[in-house]
Amino acid sequence: MTESQYDVVIAGGGLAGGLIALALHRARPSFRIALVEAGKTIGGNHRWSWFDSDLDDEGRALLSSFRQTGWDKGYEVRFPAFRRHLSTPYRSLASADFHEGLVRALPEGTLMTGRAVAALDARGADLADGTRLDARAVIDCRGFGQAPQLCGGWQVFLGRHIRLAEPHGIACPVIMDAHVEQHAPHGNGGAYRFVYVLPIGAHDLFIEDTYYADDPALDRSALSARIDGYARAHGWGEHEIVGGETGVLPVLTGGDFRAFQRAASTDGVALAGARGGFVHPLTSYTLPIAVENALAIARDADLTGPQLAALFEARARRHWRRTRFYRLLARMLFLAARPERRVAVFERFYRLRRGLIERFYALRSSPADKLRILAGKPPVAVSRAIPALFKNAAPLTSENAKTRTPD
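Heads up: these notes are all about the structure in this document.

Procedures and definitions
- Counting from 1, residues in each chain are numbered in the order their sequence is written.
- Local features in a predicted model are, by the rule used here, given only for residues with pLDDT of at least 70; side-chain atom pairs are given and counted only at 80 or more, and totals for whole chains, interfaces and linings are based on all residues.
- Here the side-chain values reflect all heavy atoms present in the structure, with hydrogen atoms and water set aside.
- A residue counts toward a patch only above 30% relative accessible area and without a salt bridge, and it is joined to like-charged neighbours within 9 Å or, for Val, Leu, Ile, Met, Phe, Trp and Tyr, to nonpolar neighbours within 5 Å.
- Residue-level accessible areas treat just the shown protein chains as cover; the underlying method is Shrake-Rupley with a 1.4 Å probe.
- What makes a salt bridge here is a side-chain nitrogen of Lys or Arg within 4 Å of a carboxyl oxygen of Asp or Glu, nothing more.
- His residues and chain termini do not enter the charge count, which takes Lys and Arg as positive and Asp and Glu as negative.
- Every charge is mapped to an atom, namely NZ of Lys, CZ of Arg, CG of Asp or CD of Glu.
- Secondary structure elements are defined from DSSP: runs of H or I of at least 4 residues count as helices, runs of E of at least 2 residues count as strands, and each element is numbered from the N terminus.
- Classification of residues uses two cut-offs on accessible area relative to the type maximum, computed with a 1.4 Å probe and protein chains only: under 20% is buried, over 50% is exposed, and between them is partly exposed.
- Here a Phe, Tyr or Trp ring, Trp counted by its six-membered ring, pairs with any other such ring whose centre lies within 6.5 Å, and the pair is stacked when the planes are under 30 degrees apart, edge-to-face when over 60, and tilted otherwise.
- By this rule the span expected of a helix is its residue count minus one, scaled by 1.5 Å.
- For this quantity, the arc is that covered by the directions from the helix axis to the C-beta atoms.

There is a patch of like positive charges on the surface, built from Arg-258, Arg-262, Arg-318, Arg-321 and Arg-324. At the level of elements, helix 5 (257-264) and helix 7 (305-322) are the ones that each hand at least two residues to the positive patch. Relative to the assigned elements, Arg-321 resides in helix 7. Under the relative-accessibility criterion, Arg-321 is labelled partly exposed at 47%.

Any two side chains of opposite charge can pair if their charged atoms end up close together. Applying the stated rule across the entire model yields 24 salt bridges. Put simply, Glu-76 and Arg-83 hold a salt bridge, and the shortest N to O gap is 3.1 Å. The buried category is assigned to Glu-76, whose relative accessible area is 16%. Looking at Arg-83, the relative accessible area reads 55%, which means it is exposed. One salt bridge connects Asp-134 with Arg-132, and the closest N-O pair in it is separated by 2.9 Å.

Further remarks concern the packing of aromatic side chains. Summed over all chains, the structure comprises 26 aromatic pairs. For the pair Phe-66 and Phe-98, a centre-to-centre distance of 4.9 Å together with 40° between the ring planes defines the contact as tilted. On the criterion of sequence distance, the pair formed by Phe-66 in the loop between helix 2 (57-63) and strand 4 (69-71) and Phe-98 in helix 3 (residues 95-105) is long-range, its members being 32 residues apart. Note on Trp-71 and Tyr-90: the rings are 6.1 Å apart at their centroids and 35° apart in plane angle, and the pair reads as tilted. Separated by 19 residues along the polypeptide, Trp-71 in strand 4 and Tyr-90 in strand 7 (residues 90-94) bring together distant segments of the chain.

With 18 residues, helix 7 should cover 26 Å at 1.5 Å per step; its first-to-last C-alpha distance of 26 Å lies within 8% of that length. Within the span of helix 7, buried status applies to Gly-305, Leu-308, Ala-309, Phe-312, Ala-316, His-319 and Trp-320. Buried residues of helix 7, seen end-on, are gathered within an arc of 110° and therefore sit on one face of the element.

Structure representation (structure tokens):
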């Protein structure tokens, strides 16, 4: 094996690519792995959060390499009609800690940051600087990008990490505070708006203003001002801004998944992460799915590149089939609920049993769960709900979708 030859080359150093590199190294310490990322750091500038119930023991063990913030006593949700505490433990991981954890865990030379991939094939990768990396297997994790073959709406958000002079006194996360004015993210039209608050230290808060909107336009100034207003309303006036992020993520309602796969694929190259379609259609969550896929790749680490590509093509189609129910709910949200009334959909959902909510986020809803979610008085007009079953939202084609893609 020469200096340019690898067992596995992974294109894209986001969440999916980083976890695959870590799982592969743990399973096959002798493997020579290259994780190639165009940005300066692995993971970019993001924060990933999940419920402890999303993962099994093997998944928790994989994430144990990273410094995390956790809340074992659960979280809160707040709506105009009620507020509720749920006891499911909650976790969060900052991309800086993700990068540092990978630096510690992986052999020197594995992480190739600041190196853009120009082209991939079944035998390796060509980098933009002219370097050729030959490999037995190649995995493409470079993000979702545009997907005109798929349809849906958008989750638009701006988050800010603030540091206060005095302790804030918040004990647990508020993952959905919808007791706020229902603005749109750009000041026009409607959307479902909520604020997400993580107490990540005695003096530190992460506050995110989030919207389920029909288009991906994001007005940074407007959202920043709304975060300022939310902080003032809760007595968090004087503060230092430590960091932040913005995002525009697709919420999938349907489309032609096989056409999406054909457009994104390269012969003999495995697709993982959002580029392979591995997302929660309604919440845009990726972390639990990325963990499962990383462990699956590690279990089949000795496959050739084309064999791995075929395995993950089939795995992605199974994922698409098993998430059909969640795309149906996304259609109800975007096509049946008027934007200003979308809050009622979530308000009703969070009155359901804790176990059902846990299984929903983990993509493990039982037949009984699905019946319970759909049963009873609907939060949308029946005259709008029935047509929503048979139509779809707009194609996911906007350039603004590139503000941030799930990975």
